[in-house]
Amino acid sequence: MASAVNPEFRGARRRLVEALQAGGISDLAVLKAIEETPRHIFVPTGVRHRAYEDSSLPIGSGQTISQPSVHARYLQLLQLQGHERVLEIGTGSGYQTVLLAHLAAQVFSIERVAPLLEKARDIVRECGSRNVSFLLGDGTIGWRQYAPYDAILVSAASPDIPHPLVDQLAMGGKLLIPLGDRDEQMLTMVTRLPDRYERRDIVPVRFVPLLGTHGWTSP
Ligand code: SAH
């Protein structure tokens, strides 16, 4: 972590955290995780100078790292206490994976694009996160071996709720997923209750497509 937390970017990271606070992010654990995570090492060198702007950036393979305010909102909604097992679908750059590693006990992260997963695995290790397991494959079928999960975060947009994911939620567990068409989606939170699933619309969002058996079947 010492090499990754470059003092050169410390001021920029602080300003990002202040902007997120001003924008309504109040969960101190989330803000601390963002302040301690060097976002610039998750993006290609050509866009590194933009790493602490509140914008999404290209990460290769046609994919993007989400806006910091989107990650912050996702994480604040989950209200993680530190003891949870979390499943992340769409590792991408691995940035949110490291934020989750700060906020939960165990993180399981699935990515379908091999070069992205390999790069993310290295950077997550460089950040010193030791509580993360990775899987190359289709996240729409979940990761049954380690279920149930207290939270499942889907970082790509799906036309419908992938049923294996709700099946793999613990009682009281929350699934966050953007649902809709390819251009626009509604960030949706599904909570598993003893007798039913509660579904709540959060905010309109735009994500890259979730490609897989229970998502979009063609790019
Ligand atoms: N949180 C990541 C988001 C990356 S974009 C970040 O900020 O870096 C979404 C990612 O979901 C892409 O890397 C894409 O390859 C991946 N993805 C899409 N469909 C998937 C699936 N079925 N299983 C696993 N990953 C998937």
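Residues numbered from 1 in each chain as written. Predicted model: local features only at pLDDT ≥ 70, side-chain atom pairs only at ≥ 80, totals over all residues. Heavy atoms only, no water.

## Topic: the nonpolar core
To keep it simple, the criterion reads: The criterion is simple. A nonpolar core is a set of buried Ala, Val, Leu, Ile, Met, Phe, Trp, Tyr and Cys residues joined through side-chain atoms within 4.5 Å. The buried label goes to any residue with under 20% of its type's maximum accessible area, the exposed label to any with over 50%, and the partly exposed label to all in between, with areas taken from a 1.4 Å probe on protein chains only. Contacts are assigned to residue pairs that have any heavy atoms within 4.5 Å of one another.
Counting residues in hydrophobic clusters, the biggest one holds 52 residues, and the most contacted among them are Ile34, Phe42 and Leu80. Sequence-distant contacts of Leu80, defined by excluding residues within four places in its chain, comprise Val86, Leu100, Leu103, Ala104 and Ala151. One finds Ala156, Val166, Leu175 and Ile177 within the second-largest nonpolar core, a separate group that totals 18 residues.

## A short note on the site of the ligand
Put simply, the test is: Throughout, near means a residue has at least one heavy atom within 4 Å of the molecule or strand. What qualifies as a polar contact is a pair of N or O atoms within 3.5 Å, subject to a donor-acceptor requirement within protein and to the restriction that residues adjacent in sequence count only when both atoms come from side chains. Throughout, the Shrake-Rupley method with a 1.4 Å probe supplies accessible areas, and for residues the shown protein chains are the sole cover considered.
Near the ligand there are 24 residues, and of these Ser93, Glu111, Asp138, Gly139 and Leu211 occur at the shortest range. Interatomic distance of 3.4 Å between a backbone N/O atom of Arg112 and a nitrogen atom of the ligand. The separation between a nitrogen atom of the ligand and a polar main-chain atom of Gly139 is 2.8 Å. Contact with the protein chains removes 99% of the 590 Å² of surface that the ligand exposes when unbound.

## A closer look at the sheet that holds strand 8 (residues 185-192)
Cut-off, in case you're wondering: Note on pairing: DSSP must find at least two bridges between two strands before they are called paired. Here a strand is any run of E in DSSP of at least two residues, a helix any run of H or I of at least four, and the numbering for each starts at the N terminus. Lines fitted to C-alpha atoms define the axes, with helix axes restricted to the stretch in contact, and inter-axis angles between N-to-C directions lie between 0 and 180 degrees.
Strand order across the open sheet formed by seven strands is 5-4-3-6-7-8-9, with mixed pairing between neighbours. The open sheet terminates on both sides in strands that have one partner only, identified here as strand 5 (132-136) and strand 9 (197-205). Ignoring strand direction, the axes of neighbouring strands in this sheet form an average angle of 15 degrees. Examined bridge by bridge, strand 3 (residues 85-89) and strand 6 (residues 149-154) share four bridges and lie parallel to one another.

## Considerations on the pairing of strand 5
Applied cut-off: Note on handedness: a clockwise path from strand one over the helix to strand two, with the strands aimed away from the viewer, defines a right-handed crossover.
Two elements, strand 4 (residues 106-111) and strand 5, share five bridges in a ladder whose sense is parallel. Following the sheet pairing, Ser109 is matched in strand 5 by Phe134. Crossover handedness for the path strand 4 to helix 5 (residues 114-126) to strand 5: right-handed.

## Brief notes about the pairing of strand 1 (residues 57-60)
Across three bridges, strand 1 lies against strand 2 (residues 63-65) in antiparallel orientation. Along strand 2, the bridge assignment pairs Gly60 with Gln63. Counting the residues that bridge the hairpin from strand 1 to strand 2 gives two residues, and of these Ser61 lies at a positive phi of roughly 55 degrees.

## Concerning the environment of Gly24
Its place among the elements puts Gly24 in the loop between helix 1 (10-22) and helix 2 (28-36). Placed 48 residues apart in sequence, Gly24 and Ala72 show a C-alpha to C-alpha distance of 9.7 Å.

## Some words on the side chain of Thr188
Tracing the backbone shows Thr188 in strand 8. Residue classification places Thr188 among the buried positions, given a relative accessible area of 1%. Of note is the side chain of Thr188, whose polar atom sits 2.9 Å from the backbone oxygen of Met186. Thr188 has contacts with Leu175, Leu176, Ile177, Leu179, Arg199, Arg200 and Asp201, leaving out every residue within four places of it along the chain.

## Some remarks on the packing of aromatic side chains
How we decide: Pairing of aromatic rings covers Phe, Tyr and the six-membered ring of Trp, with a centre-to-centre limit of 6.5 Å; geometry is then stacked below 30 degrees between planes, edge-to-face above 60, and tilted otherwise.
The full count for this structure, using the stated rule, is seven aromatic pairs. Plain terms: the ring middles of Phe9 and Tyr52 are 5.6 Å apart, the flat faces sit at 45 degrees to each other, and that makes the pair tilted. Here the residue Phe9 occupies a position in the segment before helix 1, and Tyr52 occupies one in the loop between helix 2 and strand 1, the gap between them amounting to 43 residues. Residues Phe9 and Tyr52 agree in their burial class; the two are buried. A ring pair is formed by Trp143 and Tyr146, whose centres lie 5.2 Å apart and whose planes are at 80 degrees; its orientation type is edge-to-face. Of the residues examined, Trp143 reaches a relative accessible area of 10% and is grouped as buried.

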